[in-house]
Every structure is written in C-alpha cells, then in structure tokens.
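A closer look at the structure
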Amino acid sequence: MSLESDIENLWQRYQDDEVDAASAGSAARSTLDAFLEALETGDVRAAEQVGESGPDGWVVNEWVKRGILLNFGLRETLPREYGDVTYYDVLPLRSTTDLGGRGTRNTPDGTAIRRGAYLGSDCIMMSPSFVNVGAHVGDGTLVDSCDTVGSCAQLGEGVKLGANTLIGGVLEPVEDAPVIVEDGVSLGAGCRVTSGFHVGENTVVGENTLLSPRIPVYDLVEEEVIYGHLPSNRRAFTRYVESSLGDHDLFESGAYKPAVVALDIEDDTLDKTRREEALRE
C-alpha cells in the first residue's frame, strides 16, 4: 500500500471513531512518522505546481491535510525539551541536522521549525521566525525576523519575506487550500497573506499589504478586479477605495475599504530587489 492509501484508511477509521490518541498503536504511529518524514524530505507536498504560473497551474493534495490533522488527532501532548526550556506540544520540533549540508542557515535563539516542514537548499531563517508543519520553503528563500510560515503554506524558490511577515496556514481555521507564493516573489515588511491566497511569480509586494480573498485586487495591467490571486510580474501595494457603506450617524460622508492595486513591475523596483541578493551569498 502507498503512504497516501495508508493515510486515507487511517483517516476513515478516525472519522468513524474507531481510533484515537489513546488507542492508536505502533502501526498507526509508524504511518504518521513516515508521513512527516516524507513532508520533510519534500517527497510529499500539500500542493504541487503542475502547469504554468497561476491558480489553475496548481493542484491541492487533500490527503496531505488529512495526514497533518491525524498527526494532531492521534498524538498526545507531551513535555518536550528545547535547550533549557520544557514545552508542551503534540509535535516536536524538526531535526535540523540535514540543513547545513544543503547550505541552509538558521540563526540561533529563536528559529523554530516544526516536524513535517520542508526547507530547501540555500535558505535563510533569521531569528525569531517559525515554520509550521506541512509548509514547503523553496531553494534560496529568505524567512526574515519575526516571520511566520503557516501550516501547508507553499513558498517557491528565491522568495523574500520581509521582516514581520505572516504567511497564513490551513489548520486554524481550516482552509480548503494553502497559501501559495510562487518563485521570485518579494513581500515587503509587515505583509499578510492569508486564507489560501495565491501570489504569482516574480511579483513585488509593498510593505504592510494584506493579501486575502476578501480584499479586491485592482489589476491595472489587465484592467480587471480579481479576488484571491495576484498575477505574476506585478508591483502591488495597498490603497483605499470607496465602500458601499454610506453615511452613518457615527461619521460623515462615505466609508473606505482596503484594496490592492497591481501595476507592471518597473525597472527600478527590480533593481532594488536584486541588490538584496547580496544578503543571500
């Protein structure tokens, strides 16, 4: 049987209340451990690119999310050691002994990588930062200070996350699809990407921009309004547009809501992002 079928069978038993954390035996735990190892080596991913850039070029592996949920449902919270600190969690932190051989760096005192997370070659994790279970961080990607990469988030190669950037996960709350940030994307400091939003390759996003399916993207290149996706090769930033909410007793005139404006990438924008490549050498 394949790992996928083992997870699907275990999921069905879990849904039928035939197994729980107290009754899960060695066979179930072996399946869960093999699943986490496959995530860490990159052999299994929550989502995979099967076509060109854009949401239609990706397929979500629903069984992978089930495997992650099983790792929470069929494990008990235990005391664990990290340095001189005892903490309590269902999953331990990931071993990092394989990272140095691939040129990946994680600075001390604050870089936490949970089991089931993948980091590619020549990545950089600055402290403090956190990569959650099921996340996939591509080769040459920078995770800067105070960044969080949520569960099952998919980051491509050569991505730059500015300081204090949040990449949302799929588990809390449970989402249908993970956040996907394609190759070559640069997210400015303080950005938030949530709820399965998709960022196309080589796009540069200004600092403090919120990317969520609930916020419209005004794509001035194609002259259309889209939701849940920022196309490739754009320069994007936050602007406020008039809301449908009219006059109210608490304020005069209309209200405004946040939106994202997307333009063609200009040469000077690309030059600025290239200069930062020196940090990765």
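The structure reproduced in this document is the subject of the present report. The numbering scheme is per chain: residues are counted from 1 as the chain's sequence reads. Where totals are concerned, whole chains, interfaces and linings use all residues; where local detail is concerned, this predicted model gives features only for residues with pLDDT of at least 70, and gives and counts side-chain atom pairs only at 80 or more. Computation of side-chain values covers all heavy atoms of the structure but excludes hydrogens and water.

Fitted lines through C-alpha atoms give the axes, limited to the stretch in contact for helices. The angle between two N-to-C directions lies from 0 to 180 degrees. A run of DSSP states H or I qualifies as a helix once it reaches four residues; a run of E qualifies as a strand once it reaches two. Both are numbered from the N-terminal end. Interhelical geometry of helix α2 (residues 26-41) versus helix α3 (residues 62-73) gives an angle of 125 degrees and a closest axis separation of 10 Å. By the criterion of interaxial angle, the relationship of α2 to α3 is oblique. Handedness of the α2/α3 crossing: left-handed. Contacts from Leu32, Phe35, Leu36 and Leu39 of α2 reach α3 at Trp63, Val64, Gly67, Ile68, Leu70 and Asn71. Note that Gly is not counted as nonpolar here; it falls among the polar residues with everything else outside the nonpolar set of Ala, Val, Leu, Ile, Met, Phe, Trp, Tyr, Cys and Pro and the charged set of Asp, Glu, Lys and Arg. Its residues assigned to classes, the contact of α2 with α3 shows eight nonpolar, two polar and no charged. In what follows, roughly perpendicular refers to angles from 65 to 115 degrees, roughly parallel to angles under 35, roughly antiparallel to angles over 145, and oblique to any angle outside these ranges. Helix crossings are classified by the rotation of the near helix relative to the far one: an anticlockwise turn of less than a right angle makes the crossing left-handed, while a clockwise turn makes it right-handed. In this description, contact between two residues means that some pair of their heavy atoms is separated by no more than 4.5 Å.

This part covers the pattern of salt bridges. Note on definitions: salt bridges are taken to be side-chain nitrogens of Lys or Arg within 4 Å of carboxyl oxygens of Asp or Glu. Summed over the entire model, instances satisfying the criterion amount to eight salt bridges. Taking the shortest distance from any N to any O, the salt bridge between glutamate 62 and lysine 65 comes out at 3.5 Å. Of this pair, glutamate 62 and lysine 65 are both found in helix α3, three residues apart, which corresponds to roughly one turn of the helix. Exposure classes here rest on a 1.4 Å probe applied to the protein chains alone. A residue is buried below 20% of its type maximum, exposed above 50%, and partly exposed in between. Looking at glutamate 62, the relative accessible area reads 33%, which means it is partly exposed. Here lysine 65 falls in the buried class, since its relative accessible area comes to 9%. Note that aspartate 98 is salt-bridged to arginine 102, the shortest N-O span being 2.7 Å. Under the relative-accessibility criterion, aspartate 98 is labelled partly exposed at 32%. Each of Arg94, Asp98 and Arg102 takes part in one network of salt bridges that share partners.

A separate point is the sheet that holds strand β24 (residues 229-230). Only strands joined by at least two bridges in the DSSP assignment are considered to pair. Within the open sheet, the six strands sit side by side as β7-β10-β13-β16-β19-β24. Their pairing is parallel. Each edge of the open sheet is held by one strand with a lone partner, namely β7 (118-119) and β24. For β7 and strand β10 (residues 136-137), the ladder comprises two bridges, and the chain directions are parallel. Paired with leucine 119 across the strands is valine 137, a residue of β10.

Taken in spatial order, the six strands make up an open sheet running β6-β9-β12-β15-β18-β21, and their pairing is parallel. Only two strands of the sheet have a single neighbouring strand rather than two, namely β6 (111-113) and β21 (210-211). Examined bridge by bridge, strand β18 (residues 192-193) and β21 share two bridges and lie parallel to one another. Paired with arginine 192 across the two strands is leucine 210, which belongs to β21.

Purely geometric stuff here, so don't read any function into it on its own.
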